[in-house]
Structure formats: C-alpha cells, structure tokens
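So the chains spell out like this:
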Amino acid sequence: MKTTPTLSKVRTVSGVTEYKLSNGLRVLYRREKAAPVVAVCVTFHVGSRNEAPGHTGATHILEHLLFKDSKKFNKKNKKAITDYLEWFGAKINASTWLDCTNYHELLPSEHAEAAIELEADRMRGSLFSDADLASEMTVVRNEYERSRNNPFELLEEEMWGAAFTEHPYRIPTIGLKEDIEGSTAKKLREFYDQYYWPNNATVAIYGDISAKDAEALVLKHFGPIPSSPEAIPEMTIVEPVQTESRAVSIAKPFGVSIVSLGYKIPEATHEDSPAVLALATILADGFSSRLQKKLVDTGLATDVSVSVPELRDPGFMTFTAQINEGVDLAKALTTMRKEILSVLKTPPDKQELARAVERILSHIAYDRDGVLTEVRAVSEAIAAGDWMLVYRAEEHIKAVRPSDILRVAKQYLVASGETSGILKNIA
Amino acid sequence: MYSKLITQTTLPWGATVLSAAFPVHGTVSFVGSIAGGSRMAGTEELAKIHAAMLAEGTAKRTKKDIQLFLDDIGASLSFGSSNDRLVFAGRVSEKNLHKLFAFVAEALLEPSFPARELTVLKQREQSNLALEAQDTRTQASIALSRALFSPEHPNYAHTTDESLAILSSITRKTLVAFHESILSRKTLIVSIAGDITLERAAKLVDQKFKKLPAREVTLPEFAPSEAAEAKREIVALPHKASIDYMTGIALGITSDHADYAALMLGMQVLGNPRGFTGRLMKTVREEEGLTYGVYASMPGISAKTDGYAMVWGTFAPALFPQGRAAIRREIEKIVDKGVTDAEVKKHRELYDAYTRVQLADSASLAQVGHNLAAQGRTAAYLDRFTKTVLSLDSKHIRAALKTYLKPELFSEAAAGPIEKNALAS
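Residues numbered from 1 in each chain as written. Chains lettered and ligands numbered in written order. Predicted model: local features only at pLDDT ≥ 70, side-chain atom pairs only at ≥ 80, totals over all residues. Heavy atoms only, no water.

(A) Molecular detail of the interface of chain B and chain A. Each side of the interface is counted separately: chain B has 37 residues, and chain A has 32 residues. In this assembly, chain B packs against chain A so that about 2900 Å² is buried in total across both faces, 56% of it on carbon and sulfur atoms. If you sort the residues of chain B by the area they bury against chain A, B:D71, B:R356 and B:V357 come out on top, with a joint share of 23%. In this structure, the connection of chain B to chain A is made through seven salt bridges. The closest approach of N and O atoms between A:R359 and B:D71, which form a salt bridge, is 2.6 Å. For the interface between chain B and chain A, the tally reads 16 residue pairs in polar contact (both at pLDDT 80 or more). Those elements that place two or more of their residues in the side of chain B that touches chain A are β3 (27–35), α4 (63–72), β5 (85–93), α14 (341–358) and α15 (362–374) of chain B. When residues of the side of chain B that touches chain A are assigned to their parent elements, the largest contribution, seven residues, is made by α14(B). For the side of chain B that touches chain A, the residue count by class is 16 nonpolar, 11 polar and 10 charged. (Contact = heavy atoms within 4.5 Å. Buried area = accessible area lost by both parts, 1.4 Å probe. Salt bridge = Lys/Arg side-chain N within 4 Å of Asp/Glu carboxyl O. Polar contact = N/O pair within 3.5 Å; in protein donor to acceptor, adjacent residues only side chain to side chain. Helix = DSSP H or I, 4+ residues; strand = E, 2+ residues; numbered from the N terminus. Nonpolar A, V, L, I, M, F, W, Y, C, P; charged D, E, K, R; others polar.)

Okay, structure coming up:
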C-alpha cells in the first residue's frame, strides 16, 4: 500500500532549516535572495571508505556513470542528463572522496525544479550499462594515470597507505588499478543498490526559492522514492593505534624532490579538531608560518604546505615541502621534524595564534561566498558527520587558546604516530 | 535589475567606484585598475612583468614584509595586466580593507622594482614561454592572431621567440619609466562586492588613492582590422599527439556596434563554448566523432577594440582533414541557411541564464562591475543588452552572420604534428 510522503521540520540553525522526509532523506534549506539562482546538492553518505576489498574505485566510477542515462533523463527522449541542465544555463559537477559522493548544480531559480527532478530520478533510476562503463573507462584511466604522475599526490597516497593498516582510508579514492580494470556494470549496480537510497542521502537546496516551493518540490520528486529495503551497511573497521613510526621512500624522475611528515589526528567532530587546525596553520600555512621560515626562507625548500582533512573517522595530517636541488633530503626531513616538534617547547603566544585564526576565519568566509560554494562546504561537513560544522566553525576557532595548541601538540605530534615520506628525484 | 545590483559613483578627482552588496560574512572581493596594460607598454611581456613586480617590494617594505602583511590580515592580492589596464584584485575582510587599499596605494606610489626579484620573475616567465612554445593551442592562437591583425593592433600576438627577446630586454629602468607613464588617479576604477555599501567603498577609495598623481593618460590609437584575405599558417610540432586548429575572421566592429548582439548569439548557436549546446559539438563531436572539443567564440572584442570570430577544434592527426572540412562545412551552412527560430529562442534564454548564474558570488560581481566601468559602461548596460538579446529573431541573426562571416575570407592556423601543405586546399 502506498503512503503519502511527509516532510517534517527537525531544527533551524544559522538560517538553515533541516527537514526529514518520510523515506529518510534529510533536507537542508536556506533562503538566500542575493542572486536569482538556486544551488542543489545531493550528498550520498558513501565514499571510498565503504568499498570492500577488490572493489576499490567503485564509488568514483559510479559517480561518472550517474551522468549517463536515467529513467526520465536519457538520450532516447532527447533529455540526456548533461544536455538537459545545460539548456537552463546550469553549472553542473560532482565529486567523490573518502566519506561521501556529491552531485551539484547552480541554475536560475525558476528552473530549480529541473535540478531537483533530475537528482531525484538518478537517485534510484540510473540505467548505466556495460557499454556506458566501457566508454567512461578512458576518462577514469586518464584520471588514475594523472594521479600517479603527480609527485605530490603519489607521495601523499603512499603515506596514507603506510599510516593506515586496516581502515579503508589506506586506499586512495581513485582505487587500485587492478580493481578499476576489473569493474563491471553488474558489480557497480550492486554497489548502487546498496548505498544510493534516500535514507542514505542529504539534499541541500539554497538560494532564491521559498520554503514552501522547496518543500513542495522535495515532496513531489523525492517523496515517491522508497527507503532502502535493507539497512545501509555500516563501515565498522577501526584503525588500530599506531605504536611505531613508519616511513615511505620513492625514487622517480619527477623533476622535484619532496619530504613530508604526517601525524594521526582526530575525527572532524572531535572537540580537539579546531585546535589541531590552528596548530597546522601556525606551523605551515602562509608566509608567516614556522616551516616557511625554517625551510623556505633559509633556502632548503621552495614551498611548504599542510593538509588537514576533516573526516568522519580519525584521519591524518601531512606537512609537505618541495626541496631545493642539492639539499640532503634526510637532513631536510630532520629539520622539518625538529621545527614541528619545537612547538612543544615554544608554544604560540596570543599574537601568533591570532594571526592563524585570522587566516582560518578568511577561509571560512570564502567558503560561503555564493550558494554553490556554500552547499559544497555543507556537503563536506555532512561527510565528516555533522552539517552544522560549517556554521559553528567560526565560533569553534575563536574559542581556541594558546594552551589548547600545546595540549593538542602533545597529544598528536608523537613519534609513535608519525609517518614520514621522501620522494627523491632521479635523473 | 542589474543596475540595482551594481551601483557606481565618480569621485570628484576622477576615480570610478562600483559596489555590489552581497552577503559574504564580513568579507569583500575587489577588482581595481588604472589605464595601462600592453597597449601602453607596447608589449604584453613588459605589461605583465611590470604588474607582477608591484607585489615584489616598495620603498617601505620588502617582498617578505608584503607577504607577512597579507598573511596577518588574511588577505589575497594579485597584480596583472590586460590589453589596456593594469589590474589589482583580491579579497579580504571588510574590516581590513582599508589596510589592504593603503598597501595597494603604496605599491602604486612607491614601487621599488628590486633587481633581484626582477631576475627571478624573468626566469620564471622564460620557463613559462618555454612551455608555451610546445603548447599546440597557444601556438595556433598566436599564428591566427598574426594572420588577422597588424602589429599595431591590440589583438596581434608576438611569437614565442619574439616574446623571449622582449623579455630579456626588460630592465628596472624600463619598468620605472613605464610605471611613471601610466600612474594616474584619473583613470582609476575600483569595484567592490560583498558586505559593503557604495558610500563606504567610495570613502575608502577617496582616502587611500586620492594621493595618486593626476596625470592625463591617453592610450595609443590603432586602426580597426577588417577581413581582407584568407591566410594559412602552420606551426609544426611533430612530437605532439594532437593538432589544434583555429579558423577565424577579423570583424572590424566593437561590442558597441548595433550588430554585435545578433552576431554574438549567432556564434553561440554555431559553437557555444560552454558545453554541448552549440551545433559544432552536436555534429562534429557527437554525430561524427571527429573531436573531443570544438567551439566558436568572439575573442579580443570590447567596447574599445574590434575583435574576431573564431572556431577552434582539437584533432587526432588522422582525423584532421575530416575535422577541418566539418568545421568549414558548418560555418558555410550557418552563413548560407541561417539559424532556426527554435534555436534562437533556446539560445536567447540560455544567454539570460548564463548572465544570472555568473553573478552569483562576490568575486564574479566585482569582476563584472569592473569590466563594465573599464569599457565606459554602467550596470544599466547589462539590463539594456540583455533586453536586446531577448528581442533578437532569426532574421537579425542571419543578417549579422552574412555580413561578418565570409567563409572565403576565413584565415586558418594549425599547430601540432602536421604536414606543411595540410591547409593548402
């Protein structure tokens, strides 16, 4: 027996209203009249973390295949997915990472229904076939090769592979070559049928559309989709505590030499995360950072950077430096480590922390410039476990004190949790 | 509607200030400029190096000091150049905008052009030019622009070898002389979008930039280029995997011309460069499978500069003859038969949608505001032009295409693994 779908308000935070559709779909809505456009973003709570051994890369390939035909949007009825939205002037894209997959559009507000209808249709109505997979494999292989040809990506991936022994974060989202080549439409269909359901997704609708209209469109297009017949599989693997330092070494003719140091960090929703971000910023983000002064200003490196991914499970931050020709890489690595750990003896004062906070606040604001940028930031936060992280980030970072920096440095910058990486350029 | 979104005022001493209110959590994006660029410099290389050197040091601050200052206020700032402007752009919190503008004024008033940084920048640009020499698309583009325009015209491009020679001749003295020749508050435009009012924007620009000199700056004149004869240019890069092909014609009109809107929409029907909605992608790519990308555009055109109409395609060497023939066929077809009413209706609506989607963040709003002012327009122009586009019909478009696209006068350029006589027939 069919039941009428219902949409219930859950809460309103920072101008964003959260709803729950009766089939389990979470809906986020924010009215923004600054421009006559609407951004729609569907986030599926499935990323490469959910891939079983032998099926790595499946999430990413599936993302590509969801641009092929669906029940209502296909070449036969002259409504191919990309063409259809392009005729409304839409900006369309998608992305896959460790914890989520998202599909998003920005388009004139009077065409909001086109994007909502299309996203609802491909949630359960994708018709991808072996022929679609074969035609898309050229693009997927090319992406794989490009990632392996990028020295920074290669070293980063190898370091994650060493830092994690059990958790799926050890495998890059693009997947292992043998698994990518072994993909079939049948296997991908099974993956789609496990995870692509409304009760495993969030749709964000932001822009110049009334709440009444947004609610009606959600009910009309997403409402009839049933919940998954079985529970969505949970990924339960917990990474064992790292008890000794690990090292990765690569020698390839890339034209650059790189050294990198990584440390385990808590999940994005952990109370220490804002302080970890501030610590990383002090150490390696910007021209006034400590590693910039120690490595770049002294001529050892041409560039330093830091990556602090906000993830659902405990993750891994990496400090990376591109080393000048002729510099001993082992010595450069030692200098980098010494400078990172010096924060334990010389924690930042209020001024150094304030400078880092100012930089982070700028990034937070830029992440909300326009509704498309904002829904993409929200999607990342959903992946990390809490959409409200986007709206609480400012309050959280402003609350960090110098004593917090010292505390998290002691907690996470430990030798037993370290993974080092050296990529040596060879002729 | 756009005139309500982007407002502007002129300060008593000449600067034009534009503002677009847009909620970005206490931050602003801005784009500013003074007259200059490659037309004033005489070469693109001098204009480019001059602009980049403004962030390398001032009488009061070293490059390092500047970097630390930008870090401290969480700002981004870049200097660049266009055909006729020296441009500065960036973003910062509204509360720190006054500090950033004070620095921009300092960089304009007291640049030190440090010799050491000039050497480094020139080396970096040499590396970029070495890459450019192997880039098939860039080489085809340079060859086509030289076939269509005279050396005095802003759309004429130097060869990569010429650019390298010009680059090596740039000295600190050249930069100082060029800087003095263009520095003027009278030509200043500053466009700001974000959490700011026009009143506040105008006050800040007045406070920080009024001290710039009030010099008269006149851009050099040039004669418009009209379609004359078809030329064919080949750049042989035998080790590359694919061929970039461009075919085009000088239009002899600026974007202020009465025919511009119809011609623009006709070119959009032919080969809309945004996706799959143009005829070229439907036929040459989807139906015939000859290329990955093939698009039509009108580069180098503005209210002050006459531009050209062009089609670009990339081809595997074996498919090049068919690909070239398919492009020429589609150009001839659209000129001969025109466009359908259904195509015009869809593309009119598409143009309107693009404009709206484009203005959906502060950085784009600041850029659009600046570009309008740089062409002597206000936001009301956007309203008028959109209205004009929405009123076009297939007759207007066919007439414009027939007047300006003369297939027999299209020049061609190709770069990649290609025979010398590949464009002979």
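On we go.
(B) A look at the layout of surface pockets. Residue and element names in this part refer to chain B. The computed volume of the second largest pocket comes to approximately 1300 Å³. In terms of lining, the second largest pocket is formed by 39 residues, of which the most central are Y260, I301, Q358, N371 and Q375. Of all the secondary-structure elements, those providing two or more residues to the lining of the second largest pocket are β5, α11 (260–271), β9 (294–297), α14, α15 and α16 (379–390). Residues that form the lining of the second largest pocket fall into these classes: 19 nonpolar, 15 polar and five charged. (1 Å grid on protein atoms, 1.4 Å probe; cavity = no way out; pocket = protein on both sides within 12 Å on 5 of 7 lines; lining within 4 Å. Points joined across faces, edges and corners; volume = space filled by probe spheres on them.)

(C) Expanded view of the pairing of strand β2 (residues 16–21) of chain A. Residue and element names in this part refer to chain A. Most of β2 sits out of view: five of its six residues are buried. As defined by bridge partners, strand β1 (residues 7–13) adjoins β2 across six bridges and the pair is classed as antiparallel. If you follow V13 over to β2, its bridge partner there is V16. Between the end of β1 and the start of β2, which pair antiparallel, lie two residues, with S14 showing a positive phi angle near 50°. Examined bridge by bridge, β2 and strand β3 (residues 26–31) share four bridges and lie antiparallel to one another. Pairing of Y19 across the sheet is with V27, part of β3. (Buried < 20%, exposed > 50% of the residue type's maximum accessible area, 1.4 Å probe, protein only. Pairing = 2+ DSSP bridges.)

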